[in-house]
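# Overview (structure and organization)
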Amino acid sequence: MFEVREEEERKTRAFLVGQPGNDLRELTGLAKTAGMEIAGKITLTRLEVQPAYGMGKGKAQEIYELAKENQADCIIFDFDMEPTKQRNWEKMSKLPCFDRQELIIRIFAQRARTKEAVLQVELARLTYSLPRLAHSYGELSRQRGGSYGSKGSGETQLELDQRQVRSKIIQVKKELAEVTKNRNTQKKKRNQVPVPECALVGYTNAGKSSLLNALTGEKTFVEDELFATLDPLTRRLKLKDGNGILLTDTVGFIKNLPHSLIDAFKSTLAAASDADLLLIVLDASDSQVEEEYKTVIQVLEETKADLTKSLIVLNKWDYFDQNDNQTKLIRQGQLLLKFPEGIKVSAKNQTGFEELFLKISQKLFGYKEKYQIPLENADLVQQIRKKGIILKEEWQEDSVLLEARLNGSEKERFSKYLV
């Protein structure tokens, strides 16, 4: 009985195959997030245009032998695997073989909680699996009966399954459209009370959820693993000057995020593209932060987000609190040169928040300025109140002295009244 229980609790052992020039750190993190154990790794020196395995047969055999030697339960490739190549790999190795796209979909399926997220994952899974159904019927399709050229039972079953998958895709899209319609209705109601919306965006595991918790006092799910947050989560945040904003945590981005998932997860990505301000959260302690920043910008550009309305937040800055070695000092200097406008914060120690609040206020509501409005134009005070924020108001004999925040065109409009 003990041996049976031990076998049930044993983690799936994955053998990882990387493409040339890329380390396997990210794929390792993905596999561990999916609950797997790493049996072994190999990074290819080159990828060949070979129809059978995507590489030479000798190299494929070598990888299979390594996986077998390390008692792997599956082989995962850090690049897209075409359905035909996937079937060939599984025939040769007698092991499940899949690529990073399927691994990410599996993780998303584990993490989806809301109805919309569950439907989005299902749509991505169905779209991905449709061209891969044939590998289940490789043997059956060779069985032919009746007259020459008639379809075998395997082909008939395959066609039935493909029709079922296509029908399911149509059904899921209809359900998603209804959920999206309801979400847009709720958003319109929220917009009737104009509260600026900020979205926390960034590479997965950059500490966005920890930052949301630290800023708002909430206790949302936080875990040191990739894609810990999947569904968009919105909380109200009160700034130091009394203004309130809505702060939304979004799904973490990742290098080579499958387009099927970008298309599917429009709700959480819409939180970024529709936001009044983007807080691009970067992990200051990560040596790959510059590359991760490029990935974040690439995904944001694909979602048509307005990058001019953004602030860079260098999270986990406490990593540099003790400059105990030369490498840290050099790394810190490189970050300050690369991101001179970056706001240095620590969600863990709750430091740097004063500057962050100030920068958010300035970006959303404008800089604090003093205005002197003549009494004959006193109606402008009410217009400033509607278009901006009045911090102080003093009525005098011939004018009204205001300390206010105005942004954009409104600031320019009232510039002649600046003191």
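Here the structure is shown first, and the text comes after it.
Residues numbered from 1 in each chain as written. Predicted model: local features only at pLDDT ≥ 70, side-chain atom pairs only at ≥ 80, totals over all residues. Heavy atoms only, no water.

Below, the discussion takes up the overall build of the protein. Each helix and strand in the protein was counted, giving 15 helices and 13 strands. Long-range contacts, defined here as pairs at least 24 residues apart, represent 67% of the contacts in the protein between residues at least 6 apart. In the structure as shown, the protein presents an accessible area of about 22700 Å², 48% of it carried by carbon and sulfur atoms. (Helix = DSSP H or I, 4+ residues; strand = E, 2+ residues; numbered from the N terminus. Contact = heavy atoms within 4.5 Å. Areas by Shrake-Rupley, 256 points an atom, 1.4 Å probe, with all protein chains shown as cover.)

On to the nonpolar core, then. Within soluble globular proteins, side chains that are nonpolar generally end up buried alongside one another. Counting residues in hydrophobic clusters, the biggest one holds 43 residues, and the most contacted among them are Met 36, Ile 76, Leu 103, Val 201, Leu 278 and Leu 300. Element by element, the count of residues in this core is highest for helix α11 (residues 289–302), at five residues. Residue contacts for Met 36: discarding those within four places in its chain leaves Lys 11, Thr 12, Ala 14, Ala 31, Cys 74, Ile 76, Phe 98, Leu 103 and Arg 106. Leu 311, Val 345, Ala 347 and Leu 364 belong to the second-largest nonpolar core, a separate cluster that totals 26 residues. (Core = buried A, V, L, I, M, F, W, Y, C linked by side-chain atoms within 4.5 Å. Buried < 20%, exposed > 50% of the residue type's maximum accessible area, 1.4 Å probe, protein only.)

A word on unusual backbone geometry. Phi at Gln 71 is positive, roughly 55°, even though this residue is not glycine. Relative to the helices and strands, Gln 71 resides in the loop between α3 (57–69) and β3 (74–77). Phi is positive for Asn 205, close to 75°, though the residue is something other than glycine. Position of Asn 205 relative to the elements: it lies in the loop between β5 (197–202) and α8 (208–216). Note on Asn 205: relative accessible area 27%, which makes it partly exposed.

Attention shifts here to the sheet that holds strand β2 (residues 37–43). Spatially, the four strands line up as an open sheet ordered β2-β1-β3-β4, and their pairing is parallel. A single partner strand is all that each edge strand has here, and the edge strands are β2 and β4 (97–99). Strand-to-strand, the axes of this sheet are offset by a mean angle of 25°, without reference to chain direction. Note that β3 and β4 share three bridges and pair parallel. (Pairing = 2+ DSSP bridges. Axes fitted to C-alpha atoms, helices over the stretch in contact; angles between N-to-C directions.)

Below, the discussion takes up the sheet that holds strand β11 (residues 368–374). With respect to topology, three strands assemble into an open sheet ordered β11-β13-β12, the strand pairing being antiparallel. At either margin of the open sheet sits one strand with a lone partner, and together these are β11 and β12 (389–395). For this sheet, the mean angle separating the axes of adjacent strands, direction not counted, is 20°. Pairing between β11 and strand β13 (residues 399–405): seven bridges, direction antiparallel.

Turning our attention to the packing of aromatic side chains. Counting across every chain of the model gives seven aromatic pairs. Between Tyr 293 and Phe 339 the ring centres are 5.1 Å apart and the planes differ by 75°, which places this aromatic pair in the edge-to-face class. Of this pair, Tyr 293 sits in helix α11 while Phe 339 is found in the loop between α12 (326–338) and β10 (343–344), placing the two residues 46 residues apart along the sequence. Among the aromatic residues, ring-to-ring pairing joins Tyr 53, Phe 77, Phe 79 and Trp 89 into one connected group. Above the ring of Tyr 128, the side-chain terminus of Arg 132 is found at 3.9 Å from the ring centroid. Between Lys 328 and the ring centre of Tyr 319, over which it is positioned, the NZ or CZ distance is 4.4 Å. (Phe/Tyr/Trp six-rings, centres within 6.5 Å; stacked < 30°, edge-to-face > 60°. Lys NZ or Arg CZ within 6 Å of the ring centre and 35° of its normal.)

Below, the discussion takes up the environment of Leu 269. The topology assignment puts Leu 269 in helix α10 (residues 266–273). Judged by its relative accessible area of 5%, Leu 269 falls in the buried class. Residues Leu 269 and Thr 250, spaced 19 residues apart in sequence, show a C-alpha to C-alpha distance of 7.1 Å.

Here the focus is α11. Relative to the 20 Å expected for 14 residues at 1.5 Å per residue, α11 spans 20 Å between its end C-alpha atoms, a close match to the ideal helical length. Listed in full, the buried residues belonging to α11 are Val 289, Glu 292, Thr 295, Val 296, Ile 297, Val 299 and Leu 300. Of the residues trailing α11, Lys 304 is marked for its positive phi of about 65°. (Expected span 1.5 Å × (residues − 1).)

Next up on the list: the pattern of salt bridges. By the definition in use, this model includes 15 salt bridges. Here Glu 122 ties to Arg 125 by a salt bridge, and the two come within 2.9 Å at their closest N and O atoms. Note that Glu 122 and Arg 125 are positioned in helix α6 (residues 115–129) at a spacing of three residues, about one turn of the helix. Overall, Glu 122 belongs to the partly exposed group, its relative accessible area being 22%. A single network of salt bridges, built from pairs that share partners, joins Arg 25, Asp 286 and Glu 292. (Salt bridge = Lys/Arg side-chain N within 4 Å of Asp/Glu carboxyl O.)

Here we take up helix α4 (residues 83–93). When we look at burial in α4, the residues that qualify are Lys 85, Gln 86, Trp 89, Glu 90, Met 92 and Ser 93. The buried side chains of α4 occupy one side of the element, clustering within an arc of 165° when seen end-on. Looking one or two residues beyond α4, the residue adopting positive phi is Lys 94, at roughly 60°. (Arc of directions from axis to C-beta.)

The N-to-C vectors of helix α2 (residues 25–33) and helix α5 (residues 100–111) enclose an angle of 40°; their axes lie 9 Å apart at closest approach. Relative to α5, the element α2 lies oblique. For α2 against α5, the interelement crossing comes out left-handed. Counted together, Glu 26, Leu 27, Leu 30, Ala 31 and Thr 33 of α2 and Arg 100, Leu 103, Ile 104, Ile 107, Gln 110 and Arg 111 of α5 form the full contact between these two elements. Here the contact of α2 with α5 is composed, by residue class, of six nonpolar, two polar and three charged. (Parallel < 35°, antiparallel > 145°, perpendicular 65-115°, else oblique. Left-handed = near helix turned anticlockwise from the far one by under 90°. Nonpolar A, V, L, I, M, F, W, Y, C, P; charged D, E, K, R; others polar.)

Its place among the elements puts Glu 376 in the loop between β11 and α14 (379–387). Relative accessible area serves as the criterion here: at 65%, Glu 376 is assigned to the exposed category. Along the sequence, Glu 376 and Ser 399 sit 23 residues apart, while their C-alpha atoms lie 8.2 Å from each other.

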